[in-house]
Amino acid sequence: MNSMSYIEKLLDRGEVELIQIGKIAEIKRGTSITKKKVTPGDIPVIAGGRTPAYYHDESNREGQTIVIAGSGAYAGFVSWWEQPIFVSDAFTVKPHDCLIPKYCFYWLQSMQQQIHELKSGGGVPHVYPRNVAPLEIPIPCAENPEKSLQIQAEIVRILDAFTSLTAELTAELTARKKQYNYYRDKLLSFEDGEVERITLMNACDYVDYRGKTPVKTNDGVFLVTAKNIRMGYIDYETSQEFISPDDYSTVMRRGIPKLGDVLITTEAPCGFVAQVDRDDIALAQRVIKYRSKNNKRLSNSFIKHYLLGGEFQKKLRRAATGSTVKGIKGSKLHQLTIPIPKPEEQARIVTILDKFDALTNSITEGLPREIELRQKQYEYYRDLLLSFPKPDEQAA
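Please read these numbers as outputs of a predicted model, since none were measured by experiment.

Any chance you could explain the overall build of the chain here in plain terms?
Across its full length, the chain holds 13 helices and 19 strands. By the burial criterion, 46% of the 396 residues in the chain qualify as buried. Once local pairs closer than 6 in sequence are excluded, the contacts in the chain between residues at least 24 apart make up 72%. Surface accessibility of the chain: about 20900 Å² in total, with carbon and sulfur atoms responsible for 50%. Distance between charge centroids for the chain: 8 Å, based on 53 positive and 50 negative side chains.

Is there a simple way to think about empty space enclosed by the protein in this case?
With a probe scaled to a water molecule rolled over the atoms, the places where space remains empty come into view. On inspection of all chains with the given rule, the structure shows 1 cavity of 30 Å³ or more. The volume enclosed by the largest cavity comes to roughly 50 Å³. Taken together, Ile46, Ala47, Gly49, Arg50, Thr51, Pro52, Val67, Ile68, Ala69, Phe77, Ser79 and Trp81 make up the lining of the largest cavity. Elements that contribute at least two residues to the lining of the largest cavity include exactly strand 5 (65-69) and strand 6 (78-81). Sorting elements by how many residues they give to the lining of the largest cavity places strand 5 first, with 3 residues. Counted by class, the lining of the largest cavity contains 8 nonpolar, 3 polar and 1 charged residues.

Sorry if this is basic, but what is going on with the state of the cysteines here?
Simply put, disulfide is the name for a covalent bond between the sulfur atoms of two cysteines. Scanning the entire structure with this criterion turns up 0 disulfides. Looking at Cys104, it has no disulfide partner, and the nearest cysteine sulfur is the one in Cys98, 9.7 Å off.

What is the right way to look at the sheet that holds strand 16 (residues 270-275) in this model?
Backbone-to-backbone hydrogen bonds pair the strands of a sheet. The strands run either parallel or antiparallel. With respect to topology, 4 strands assemble into an open sheet ordered 11-18-15-16, the strand pairing being antiparallel. Of all strands in the sheet, those with a lone pairing partner are strand 11 (204-208) and strand 16, marking the two edges. On average, each strand axis in the sheet is inclined to that of its neighbour by 20 degrees, with strand direction left out of account. The sheet contact formed by strand 11 and strand 18 (residues 287-292) spans 5 bridges and is antiparallel. Note on strand 18: the bridge partner recorded for Asp205 is Arg291. Helix 8 (residues 300-308) contacts strand 11, strand 15 (262-266), strand 16 and strand 18 of the sheet and is inclined by roughly 150 degrees relative to strand 16.

Explain the pairing of strand 13 (residues 221-224) to me, please; I cannot follow it from the model alone.
The two faces of the sheet receive side chains in turn, since in a regular strand these alternate between them. The side-chain alternation of strand 13 yields two buried faces, one formed by Val221 and Leu223 and the other by Phe222 and Val224. Here 2 bridges tie strand 13 to strand 14 (residues 242-243), and the two strands are oriented antiparallel to one another. The residue bridging Val221 from the neighbouring strand is Ile243, located in strand 14. Where strand 13 and strand 17 (residues 281-283) come together, 3 bridges link them in parallel fashion. Across the sheet, the residue bridging to Leu223 is Ala282, located in strand 17.

Teacher, can you tell me more about the sheet that holds strand 8 (residues 90-95) here?
Ordered in space as 2-8-5-6, the 4 strands form an open sheet in which the pairing is antiparallel. Looking at strand neighbours, the two that pair on one side only are strand 2 (25-29) and strand 6, the edges of this open sheet. Within this sheet the neighbouring strands show an average axis-to-axis angle of 25 degrees, counted without direction. Running at roughly 155 degrees to strand 6, helix 2 (residues 101-110) makes contact with strand 5, strand 6 and strand 8 of the sheet.

What counts and how
- Residues numbered from 1 in each chain as written.
- Predicted model: local features only at pLDDT ≥ 70, side-chain atom pairs only at ≥ 80, totals over all residues.
- Heavy atoms only, no water.
- Helix = DSSP H or I, 4+ residues; strand = E, 2+ residues; numbered from the N terminus.
- Buried < 20%, exposed > 50% of the residue type's maximum accessible area, 1.4 Å probe, protein only.
- Contact = heavy atoms within 4.5 Å.
- Areas by Shrake-Rupley, 256 points an atom, 1.4 Å probe, with all protein chains shown as cover.
- Lys, Arg positive; Asp, Glu negative; His and termini not counted.
- Charge placed at Lys NZ, Arg CZ, Asp CG, Glu CD.
- 1 Å grid on protein atoms, 1.4 Å probe; cavity = no way out; pocket = protein on both sides within 12 Å on 5 of 7 lines; lining within 4 Å.
- Points joined across faces, edges and corners; volume = space filled by probe spheres on them.
- Nonpolar A, V, L, I, M, F, W, Y, C, P; charged D, E, K, R; others polar.
- Disulfide = S-S within 2.5 Å.
- Pairing = 2+ DSSP bridges.
- Axes fitted to C-alpha atoms, helices over the stretch in contact; angles between N-to-C directions.

Geometric descriptors of this kind do not, in isolation, establish any biological role.
Printed below as a string of structure tokens:
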């Protein structure tokens, strides 16, 4: 799709007018409600987050609704709803007749970063209707309302097709993850007496990284914290912290992480598991490293899969303490047991689960990678379709 030729074809010599969204849409605050005043029901209460805060038994918005979160870490987040909702710590954008709601949503979504940057306030950041109202939305052929709505509808049709494909892939991924979890737990379930069970302490060498937190630097050795560990892999992109090589030698004096070592978080979050997949990393507090004492008898990869499994995660939750933030002491974690099937059975289980894992969790292959590519493709065409020539460019 060529950007200018397709947009010019849509416009058919018509012009684009930039109009403040506040002039062609009603921007309305929600109604504050606390959890104590909520009557349990199935109506999502939309507040300052990206997902419903809780569920109520009545709504204050119906039909197609654009919501912008009003406060908190996600202040400014734009969402789309096609069901009754209760808008609380947020506000809605309801377009007038000259503007198709879904077109308005896609445009606001393309402005997501700029809207986030409208945050103000000290402790709790806010985005207010008055911040969003002056933003200028491109209206194609504004002088011809019928043609304008036709162009908007065509753009919506194309972008809906992209979002539909992404939604289908996401639903497929959800189904595959359920299947993966089911087969993983079946493969890792052993009858009493069928296999030997020993504690992690006896099966593995381990290191519980504690002590003074090293000074963070702009570059150096990558510091893997609890925030980097996902269920099954290390995320090096979302949170990036580094320490100096000098601090690295101090922090790692109890054992440098090696390829294949198994990591588990002890809190915030608790019980997330990954396997070391690269050299030159350091480990932060609240991360414990396990390494099989005899890899021929018990493989590190089998340990990883077992620690990810439902049986072990249930044992871990029972041993964890804390009300709001759950955590587990290393001394308790080390006493949890792990089964040791025959090496050939371990190898068979690891092979099967590695294939499932690649399909459902890999960010370089499988469905997650496909979803990421489709999302990037959608964002590319969304920005392309909404990048109309500016009025001064049209005049030229």
